[in-house]
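# Per-entry structural report
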Amino acid sequence: MRIPRGFSEELRNQADIVRIVSDYISLKKKGRDWAACCPFHNEKTPSFYVSQGKQIFKCFGCSKGGGIFDFIMEIEGCSFPEAIRIVAEKTGVTVPVETDNAREYEERASQRAELMRLNQWATEFFEQNLTETAEGRRALDYLAARGVNEETRKAFRLGYAPNSWDAMSGYLRSRGALTTQIEHSGLVTLREGSGFYDRFRHRLMFPICDAQGRIIAFGGRILGDGEPKYLNSPETTLYIKGMHLFGLSHAREAIRQRGYAILVEGYLDFLIPFQAGVRHLAASLGTALTENQARLLGRYARRIVVNFDPDSAGQAATKRSLELLLTEAFKVNVLTLPDNLDPDEYIRTHGPANYLKLLKGSQPFLDYIVDQAISSHDQTRPTGKVETINAILPYLRLVKDRIERAEHFERIADRLKIDSRLIREEFKKAAETRSERVGERAIKATLVVKPAERKLLEILINQAAVRRLMMFQMTEEDYEGLRTAQLFRLIFEFEQQGVEMGYHNLSQALGDDDLARDLLPGLIIGSAAPSPAEYGSPEHAEREAAESLHSLRCMKLAEKQAALQVEINQAQRNNDVARLGELMMLKFELAKRERALAQWTGQ
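Structural notes, computed from the coordinates. It should be emphasised that the depicted structure is a prediction, and the values quoted were computed from it without experimental measurement. (Residues numbered from 1 in each chain as written. Predicted model: local features only at pLDDT ≥ 70, side-chain atom pairs only at ≥ 80, totals over all residues. Heavy atoms only, no water.)

## Digging into the sheet that holds strand β6 (residues 159–161)
Note on sheets: strands pair through backbone hydrogen bonds, and any given pair is parallel or antiparallel. Pairing is antiparallel in the open sheet, where 4 strands are placed in the order β6-β9-β10-β11. With partners counted over all chains shown, the strands left at the sheet margins are β6 and β11 (230–232), one partner each. Recorded for the sheet is a direction-independent mean angle of 35 degrees between the axes of neighbouring strands. Bridging between strand β10 (residues 215–222) and β11 involves 3 bridges; their strand directions are antiparallel. Bridging across to β11, Arg221 finds its partner in Tyr230. Contacting β9 (203–209), β10 and β11, helix α11 (residues 267–275) runs over the sheet at an angle of about 75 degrees to β9. (Pairing = 2+ DSSP bridges. Helix = DSSP H or I, 4+ residues; strand = E, 2+ residues; numbered from the N terminus. Axes fitted to C-alpha atoms, helices over the stretch in contact; angles between N-to-C directions. Contact = heavy atoms within 4.5 Å.)

## Re the pattern of salt bridges
Applying the stated criterion across every chain yields a total of 22 salt bridges. The closest approach of N and O atoms between Glu150 and Arg153, which form a salt bridge, is 3.7 Å. Of this pair, Glu150 and Arg153 both sit in helix α7 (residues 150–155), 3 residues apart, which is roughly one turn of the helix. The partly exposed category is assigned to Glu150, whose relative accessible area is 46%. Overall, Arg153 belongs to the buried group, its relative accessible area being 13%. Glu291 is paired through a salt bridge with Arg295; the nearest N and O atoms lie 2.9 Å apart. Residue Glu291 and its partner Arg295 are both found in helix α12 (residues 291–298); the two are separated by 4 residues, about one turn of the helix. (Salt bridge = Lys/Arg side-chain N within 4 Å of Asp/Glu carboxyl O. Buried < 20%, exposed > 50% of the residue type's maximum accessible area, 1.4 Å probe, protein only.)

## Remarks on the sheet that holds strand β16 (residues 363–364)
A sheet is described by the order of its strands in space; here 5 strands give the open sequence β13-β12-β14-β15-β16, paired in mixed fashion. With one partner strand each, in any of the chains shown, β13 (281–283) and β16 form the two edges of the open sheet.

## Section: the packing of helix α24 (residues 485–497) against helix α25 (residues 503–510)
Direction vectors running N to C along α24 and α25 enclose 125 degrees, while the axes themselves pass 10 Å from each other. The orientation of α24 relative to α25 falls into the category oblique. For the crossing formed where α24 meets α25, the hand is right-handed. Across from Gln486, Leu487, Leu490 and Phe494 in α24, the residues of α25 making contact are Asn505, Leu506, Ala509 and Leu510. (Parallel < 35°, antiparallel > 145°, perpendicular 65-115°, else oblique. Left-handed = near helix turned anticlockwise from the far one by under 90°.)

## Overview of the packing of aromatic side chains
Tallied over the entire structure, the rule returns 24 aromatic pairs. Summarising the aromatic geometry, the rings of Tyr346 and Tyr355 are spaced 6.4 Å apart at their centres and angled 50 degrees between planes, so their arrangement reads as tilted. By relative accessible area, Tyr355 is classed as buried at 0%. An aromatic cluster is built from Phe156, Phe206, Tyr230, Phe246, Tyr267, Phe270 and Phe274, whose rings are joined through pairwise contacts. The cationic tip of Arg279 hangs over the ring face of Phe274; the distance from NZ or CZ to the ring centre is 4.4 Å. (Phe/Tyr/Trp six-rings, centres within 6.5 Å; stacked < 30°, edge-to-face > 60°. Lys NZ or Arg CZ within 6 Å of the ring centre and 35° of its normal.)

Laid out in structure tokens, this is it:
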């Protein structure tokens with residue numbers, strides 16, 4: 001079988017040794033590596049190790065070791081070409097074995113080498129224009145304003161594309177490049193009729209490298225007005241979008257050493273942290289993370305902290321990346337920086353030490369999803385809680401570990417103040433039916449109106465004097481999160497506006513058919529209490545209202561303490577000392593409030 005020249009190296013770069021070896025033996029994570037009992041000799045204690053980052057294996061018992069093809073040849077007892085075929089098959093890559101295909105592949109390999117050479121020339125051209133021309137001074141000033149120093153600029157070979165239609169192509173010709181080579185380089189854009197013009201003009205240039213540090217493409221940021229703001233090379237024989245990560249060749253060793261990678265979006269979000277000493281990161285080149293990029297990152301770390309921009313586009317990109325990374329079995333946290341800053345801005349403003357401190361407190365992915373879902377929907381309405389759960393469920397399905405998933409059920413239920421059994425049941429239904437939505441009626445059934453809640457509402461609706469008094473004693477916190485929160489809010493709004501507290505007015509404004517139909521008539525008729533005669537005196541009605549309010553406050557405080565304890569337990573499990581300190585202070589404040597409520601005498 002004839003294997004085209006260079007194919008084995010390309011395949012080695014694409015294959016994942018851990019995934020291939022796992023087809024033959026059961027590997028278990030051990031530190032940064034994976035371990036198992038050696039398949040090549042008998043042993044009871046694992047001495048066989050696989051390094052995902054270095055893409056090699058080694059047995060410290062029988063001394064066998066090597067790369068992915070060595071493993072396949074040893075375990076399959078096959079030749080090198082056959083090992084290539086097996087690895088290609090497992091990786092989903094087609095081997096060009098026929099003579100015509102082999103010739104085609106060798107031509108492609110030759111084209112790749114030519115493009116590498118053109119990209120080197122282009123990089124030199126961009127560097128010269130940045131530092132040796134008056135036009136490039138503006139790009140240098142921009143870099144200085146953004147905090148990029150000379151060392152970083154040189155290390156990443158930043159440059160400038162002049163505002164010209166043919167300066168780049170002319171330079172490439174002067175170096176000996178042929179017209180057909182320039183046309184396929186991605187450095188020019190073909191005209192509709194014939195000919196071409198420079199693709200990058202009046203832009204700050206960022207060379208894009210593969211994991212081995214070879215320049216394969218470019219990204220350019222426009223200086224001044226114009227669209228698009230960022231422009232990347234088109235796909236070429238050398239560069240395929242979604243296959244590479246910016247800065248990875250510089251950062252991969254730091255990622256291995258730290259055991260996790262920070263995933264950011266853009267060039268400067270990578271360069272500024274890297275320059276400041278935060279070097280275990282990579283950038284997704286401004287596009288949605290792809291499966292190939294995730295697998296590439298997985299060679300160096302299985303833990304990821306996603307730190308995209310905090311704007312709406314960044315949040316959407318974060319969620320898409322979470323789905324992909326979790327599907328690929330990464331352990332994922334999310335870092336959202338304060339004041340809506342991106343990594344570049346935050347480090348220039350607050351320094352790398354504060355950034356690293358925030359990294360330690362980054363949220364587990366589901367906490368981030370829950371926070372986003374809660375803040376995006378009205379938790380005082382059943383429909384809001386339904387939409388919140390619907391936003392969370394798809395991500396909850398990605399948690400494979402049953403114990404971890406059960407913990408999430410409890411924490412989500414505590415935060416939404418609904419029965420955790422409901423979430424379990426709805427999750428089970430979603431898994432069985434492949435649905436990602438729950439029904440509103442199921443949520444409403446769990447939001448039971450408490451006796452103290454009902455009694456207080458009856459008095460407020462039917463006792464005007466008590467209602468006016470309670471307006472100054474109650475705050476929104478007293479009814480926030482209750483099934484009837486909207487009704488409490490309406491009662492006080494009507495009182496302020498002088499609107500009659502009748503069924504028609506309340507039901508029209510309520511906008512909740514279940515409350516209006518099932519609860520409101522009974523409250524207005526007053527089935528449980530509210531005629532003045534039954535209370536004996538206004539003072540008695542006032543005392544009943546105060547006792548009901550006190551009961552509600554006690555219950556809500558107990559719910560807050562239970563939810564807080566869930567977070568404390570999680571912080572202890574994560575050994576998050578900073579977060580634990582914050583939570584303990586909150587617990588102390590809640591305890592003070594509990595003592596104050598306990599001293600209430602009804603006066």
